[in-house]
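Below are the chains, spelled out letter by letter.
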Amino acid sequence: MTLSALPLGLPAGALPGGLDTTTRVVDSHTGGQPTRLVVGGGPALYGATMAQRLEEMQHHHDAWRLALVSEPRGHHAMVGALLTEPERPGSQAGVIFFDQQGFLGMCGHGAIGVVASLAHLGKLRPGPLWLDTPVGTVHAEFMLDGSVSLQNVPSYRHLAQVAVTMDGQTFHGDVAWGGNWFFICADHGQALRLEDAGRLASFCDRLREALQAQGVTGADGACVDHVQLTGLAVDRAHSARNFVLNPGLAWDRSPCGTGTSARLACLAADNQLLSGAVWRQESITGSVLEASWQPAETAGQVVVTLVGRAYVTLEGKVVIQQDDPLGWGRSDLRD
């Protein structure tokens, strides 16, 4: 798959933070989780690597992030994606993901949304597509039925069955990497029901605080900022159900692509899922991602392939009126 002409990282306009009247976006959702893809008018990034470009975004264009995904233009579940020039030979583009809390290493549902949005715009031709992210390159393919196959960055389990004390109880979970850091807990004792999403988010937030207080981290002291509760699927055709709390109190409407990747890495480590076997991950809303794994080049790591569908919901141009006190969004709201 190849990209036809598309503005990538256009120079910043007259307005601060990189937004100008050429900033155009395409919105989509993957299993109910939204993605806002910038297809023109983004800030110019000059770093040689995606990690350097992410650092540029953090230090010089954070107002731009807030304007696109925070209230009143966005909301706490919105994930943004900015296309850049590729970092590696053979890749077609780079992509930086961000949300109301900050920036993400990778985003599975977001990458599926990016591919579907580019196909909607007529920017893709059949064949493989490689996208560089700050944590590695992902391989995607837009399928004839409209679904997207996404081969994620290598995933692995860092710690197995870590004990964490919260509210006088002890819970256990794996710390795993799937493009972001997750604490994956099965003995939480919670009913994974959509009507209880607020209570589950509060539970996971307190569990995350307990992880930090007790010094549980990812590799090299990385913050474990995602919590995934697992349980039985409601639909017997599916393998399991999950509830995923992203940074802040934003819970995932989709089964979470990086979270599903981390989960499969743990299942593989425990010999509970064979290589190539299909896992159907059900979210708290009932949406589904299909996933399977293969061994990675590095021992103890796996490469997870996700298959999902994203639907385009909006094409638009960003407008910021000069006298609008909330035109650049706000970062002080928390559900």
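Residues numbered from 1 in each chain as written. Predicted model: local features only at pLDDT ≥ 70, side-chain atom pairs only at ≥ 80, totals over all residues. Heavy atoms only, no water.

Quick notes on the side chain of Ser261
Quick reminder of the rule: For the purposes of this entry, the term helix denotes a DSSP run of H or I that reaches at least four residues, the term strand denotes a run of E that reaches at least two, and both are numbered from the N terminus. Residue exposure (1.4 Å probe, protein chains only): buried if accessible area is under 20% of the type maximum, exposed if over 50%, otherwise partly exposed. Residues adjacent in sequence count toward polar contacts only when both atoms are side-chain atoms; beyond that, a polar contact is any pair of N or O atoms within 3.5 Å, and within protein one must be able to donate a hydrogen and the other to accept it. The criterion used for residue contact is that any of the two residues' heavy atoms lie within 4.5 Å.
Checked against the element boundaries, Ser261 lands in helix α5 (residues 257-269). Ser261 sits in the buried class, given a relative accessible area of 0%. A polar side-chain atom of Ser261 sits 2.9 Å from the main-chain carbonyl oxygen of Gly257. Not counting the four nearest positions on each side in its chain, Ser261 is found in contact with Asn152, Ser155, Gly178, Val304 and Leu306.

Quick word on the environment of Val115
Tracing the chain through its elements places Val115 in helix α3 (residues 108-120). Residues Val115 and Ser149 lie 34 residues apart in sequence; the distance between their C-alpha atoms is 9.5 Å. Apart from residues no more than four positions distant in its own chain, Val115 is found in contact with Leu124, Leu129, Leu131, Ala140, Phe142 and Val148.

Here we look at the packing of aromatic side chains
Think of a pair of aromatic rings as described by two things: how far the centres are apart, and how the planes are tilted against each other in angle. Put simply, the test is: When the centres of two rings from Phe, Tyr and Trp lie within 6.5 Å, Trp using its six-membered ring, the rings pair. Their planes under 30 degrees apart give stacked, over 60 give edge-to-face, and anything left gives tilted. Sitting over a ring, as applied to charges here, requires NZ of Lys or CZ of Arg to be within 6 Å of the ring centre and within 35 degrees of the ring normal.
For the structure shown, the criterion picks out six aromatic pairs. Plain terms: the ring middles of Tyr156 and Trp181 are 5.8 Å apart, the flat faces sit at 90° to each other, and that makes the pair edge-to-face. Within this pair, whereas Tyr156 is found in strand β11 (residues 156-166), its partner Trp181 is found in strand β13 (residues 181-185), the two being separated by 25 residues in sequence. With centroids separated by 5.3 Å and ring planes inclined at 55°, the aromatic side chains of Trp177 and Trp181 adopt a geometry described as tilted. What makes Trp177 buried here is its relative accessible area of 15%. Each residue in the set Trp64, Phe98 and Phe103 is aromatic and connected to the rest through ring pairs, giving one cluster. Taking NZ or CZ as reference, Arg253 lies 4.0 Å from the ring centre of Trp251, over its face.

Looking at the nonpolar core
Note the following rule: Only buried Ala, Val, Leu, Ile, Met, Phe, Trp, Tyr and Cys residues count toward a nonpolar core, and they belong to the same one when joined by side-chain atoms within 4.5 Å.
Within the largest apolar cluster, 68 residues are counted, with the highest numbers of intra-cluster contacts made by Phe97, Val114, Phe183, Leu229 and Phe243. Not counting residues up to four positions away in its chain, the partners in contact with Leu229 are Cys185, His188, Gln190, Leu192, Leu200, Phe203, Cys204, Arg241, Asn242 and Phe243. Core analysis: the second largest hydrophobic core is formed by 17 residues, Val25, Val69, Leu82 and Val318 among them.

Regarding the pairing of strand β3 (residues 33-40)
Condition: Strand pairing is assigned whenever DSSP identifies at least 2 bridges connecting the two strands.
The buried fraction of β3 is high, at eight of eight residues. Across seven bridges, strand β2 (residues 24-30) lies against β3 in antiparallel orientation. Directly across from Asp27, in β3, lies its bridge partner Arg36. Between β2 and β3, which pair antiparallel in sequence order, lie two residues; one of them, Gly31, sits at a positive phi of approximately 60°.

Comments concerning the pairing of strand β10 (residues 148-151)
As judged from the four bridges shared by strand β9 (residues 136-142) and β10, these two strands associate in the antiparallel manner. Residue His139 lies in a different strand from β10, and its bridge partner there is Gln151. Counted between consecutive antiparallel strands, the loop separating β9 from β10 contains five residues, among which Gly146 sits at a positive phi close to 95°. Across four bridges, the pairing between β10 and strand β18 (residues 302-308) is antiparallel. Bridge pairing in β18 links Gln151 to Thr305.

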